[in-house]
Amino acid sequence: MTTTFTAVAHPNIALIKYWGKSDEELILPASPSFSMTLDAYPTTTTVRLDATAAEDSLSLDGRAAGAGQRARVSAFLDLVRQRAGRRERVVVESRNTVPTGAGLASSAAGFAALAGAASAAFGLDLDLEELSRLARRGSGSASRSVHPGFALWRTGDDAGSYAEGLDAGDLDAALVIVVLNDAAKAVSSRVAMRATAETSPFYSAWLQASNDDLDQMLAAFEARDLDGMGQVAERNALRMHASMLGAVPPIRYLGADSFTVLDAVAALRAEGLTAYATMDAGPNVKVLCPAGQASRIAEALARVVPAASIITAGMGPGVRVYSGET
Ligand code: PMV
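Residue positions are counted from 1 within each chain, in the order its sequence is given. Residues qualify for local features only when their pLDDT is at least 70, as the model is predicted, and side-chain atom pairs are given and counted only at 80 or more; totals for whole chains, interfaces and linings, by contrast, use all residues.

Caption draft 1: Spotlight on helix α7 (residues 226–245). With 20 residues, α7 extends 28 Å between its outermost C-alpha atoms, agreeing within 8% with the 28 Å of an ideal straight helix rising 1.5 Å per residue. Distance between backbone-placed C-beta atoms decides contact: two residues are in contact if it is within 7 Å. Put simply, DSSP H or I for four residues or longer makes a helix, DSSP E for two residues or longer makes a strand, and each gets a number counted from the N terminus. Considering only its buried residues, α7 is in contact with β2 (12–16), α5 (189–199), α6 (203–222), β13 (276–279) and β14 (285–289). The span one expects for a helix is its residue count, reduced by one, times 1.5 Å.

Caption draft 2: Spotlight on the UniProt feature "domain: Mvd1 C-terminal" (unreviewed entry) in the protein chain. Per the UniProt annotation, the sites labelled "domain: Mvd1 C-terminal" (unreviewed entry) are residues 176–309. Strand forms 10% of residues 176–309 and helix 57%; the C-alpha atoms that close the span are 10 Å apart. UniProt positions are given in the numbering used here, feature names are shortened, and annotations may be inferred rather than shown by experiment.

Caption draft 3: Main features of the sheet that holds strand β10 (residues 150–153). Strand order in the open sheet formed by four strands is β2-β5-β10-β11, and the pairing between neighbours is antiparallel. Bordering the open sheet on either side are β2 and β11 (163–166), each of which pairs with just one other strand. Strand-to-strand, the axes of this sheet are offset by a mean angle of 30°, without reference to chain direction. Bridging between β2 and strand β5 (residues 33–37) involves four bridges; their strand directions are antiparallel. Looking at the pairing, I16 lines up with F34 of β5. Together, β2, β5, β10 and β11 form the strand contacts of α6, whose direction differs from that of β2 by roughly 105°. For two strands to count as paired, DSSP must find a minimum of two bridges between them. In this analysis, axes come from line fits to C-alpha atoms, helices being fitted only over the stretch in contact, and the angle between any two N-to-C directions falls in the range 0 to 180 degrees.

Caption draft 4: Structural detail: the pairing of β13. Any residue whose C-beta has 12 or fewer other C-beta atoms within 10 Å is treated as exposed, any with 20 or more as buried, and any in between as partly exposed, C-beta atoms being built from the backbone. Covered by surrounding structure in β13 are Y276 and T278 together with A277 and M279, the residues of both alternating faces. Bridge count for β13 against β14 is four bridges, and the pairing is antiparallel. Counterpart to A277 in the pairing with β14 is V287. With antiparallel pairing between neighbouring strands as the criterion, β13 and β14 make up a hairpin whose turn holds five residues.

Caption draft 5: Just the site of the ligand, in detail. A residue counts as near a molecule or strand when its C-beta atom, positioned from the backbone, falls within 6 Å of it. Taken together, 13 residues lie near the ligand, and A14, Y18, G140, S141 and D280 sit nearest. For the shell around the ligand, the per-class residue count stands at four nonpolar, six polar and three charged. As a working rule, the residues Ala, Val, Leu, Ile, Met, Phe, Trp, Tyr, Cys and Pro are called nonpolar, Asp, Glu, Lys and Arg charged, and the rest polar, with Gly in that last group.

Caption draft 6: Here's a closer look at the nonpolar core. Each nonpolar core comprises buried Ala, Val, Leu, Ile, Met, Phe, Trp, Tyr and Cys residues, the members being joined through C-beta atoms within 7 Å. Judged by nonpolar contacts, the single largest core of 92 residues is most densely connected at A112, A117, L175, V176, V178 and V287. For this core, the leading source of residues is helix α2 (residues 106–121), giving eleven residues. Domain delimitation in this document rests on an assignment produced automatically or drawn from a domain database. Counting only domains with at least three residues in this core, you end up with domain 1 (3–168 + 317–325) and domain 2 (174–313). Apart from the residues within four sequence positions on either side, A112 is in contact with A9, A135, A142, S145, V146 and V319.

Caption draft 7: Spatial organisation of the packing of helix α8 (residues 256–270) against helix α9 (residues 294–304). Contact geometry for α8 and α9: axes closest at 10 Å, N-to-C directions at 140°. By the criterion of interaxial angle, the relationship of α8 to α9 is oblique. The chirality of how α8 crosses α9 is right-handed. Residues T260, V261, A264 and L268 of α8 lie in contact with α9, whose contacting residues are I297, A300, L301 and V304. Looking at the contact of α8 with α9, its residues break down into seven nonpolar, one polar and no charged. Just so you know how the angles are binned, under 35 degrees is roughly parallel, over 145 roughly antiparallel, 65 to 115 roughly perpendicular, and the rest oblique. Handedness of a crossing is defined here by the sense of rotation of the near helix relative to the far one, left-handed for an anticlockwise turn of less than a right angle and right-handed for a clockwise turn.

Caption draft 8: Structural detail: the environment of Q69. With respect to the secondary-structure elements, Q69 resides in helix α1 (residues 67–84). In this structure the C-alpha to C-alpha distance between Q69 and M36, which are 33 residues apart in sequence, comes to 26 Å. Apart from the residues lying within four places of it in its own chain, the contact partners of Q69 are L58 and L60.

Caption draft 9: Fine view of the pairing of strand β6 (residues 43–50). In the sheet, strand β1 (residues 3–9) pairs with β6 via five bridges, with the strands oriented antiparallel. Among the inter-strand pairings, V8 is bridged to a residue of β6, identified as T44. In the sheet, β6 pairs with strand β9 (residues 89–96) via eight bridges, with the strands oriented antiparallel. Within β9, the position partnered with R48 by the bridge is V91.

Caption draft 10: Representation of the domain arrangement of the protein chain. For the protein chain, the assigned domains are domain 1 (3–168 + 317–325) and domain 2 (174–313). On a C-alpha basis, the centres of domain 1 and domain 2 stand 24 Å from each other. Contacts between the two partners involve 24 residues from domain 1, matched on the other side by 35 residues from domain 2. When residues of the side of domain 1 that touches domain 2 are traced back to their parent elements, those giving at least two are β2 and β5. For the side of domain 1 that touches domain 2, the element with the highest residue contribution is β2, accounting for three residues. Residues of the side of domain 1 that touches domain 2, tallied by class, amount to 16 nonpolar, five polar and three charged.

Below you can see the structure in the form of structure tokens.
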């Protein structure tokens, strides 16, 4: 009989973005970020220890992972082993329901789930703060997917930089997710962040502006003012993309159809709806709105970009871990 540990985690979408590191190795952010964990696109990861294996093994959606992905996961598992003072290799099976590497936060859900399952498998009893710090080392944005609903990931040193969960009270928020292209991006967020920091003259202005945006976002969040949150979120996303456009060579994740959706969102606002767009490291657009307006917004956007697949997500749960026997 073998004990397995399974964790389920969901992606999160940043409304104040993380774009730039103060430490590449420790994955410390250069500015704080703020996000909503989704109730869509779960990743389920099962881990079991294998004391006889010479290497970790990784399967993604039932297929053996490539060398690059395996190396990244093994390096992360080394951190868990080091912390637990253990040496066993690990069999990891992960199932992802979100398109991978398309700016839809697949790595956030993936590393939050792996942090949950692997830490349990090695007998580490981590609280959410410690789990967030660990998940951060896999992918920065994963630090936020540990929490349900809204989370704030602060800057700091290795011990001080983790995401904390925020109480959303009766805030009514949903994200209409417009998937324009689910292909993996050509430039990873890791590489693009570094290039922006090293070559864009707008990078320092981005960091300053994003810190200010966060203050306004938190004030709007405290007031449960979704319009205020949306205004800051849309501006913050465009500022992040502006910083990348200034890189040498320029980094451009948004396509013509992303701007078509941005225009349509502005038109919906002119009609009196609460709808604000945000975009990550890919062309896809997520629209922040009240849950009650989501179907009307999704229908209007489907008319504008008929080839897109559109889903609506609400606030989702944090990482959950289960053990079982096989
Ligand atoms: O954690 P990473 O390396 O996948 O970077 C995430 C970057 C953005 O999605 C663009 C912004 C964010 O805060 O999630």
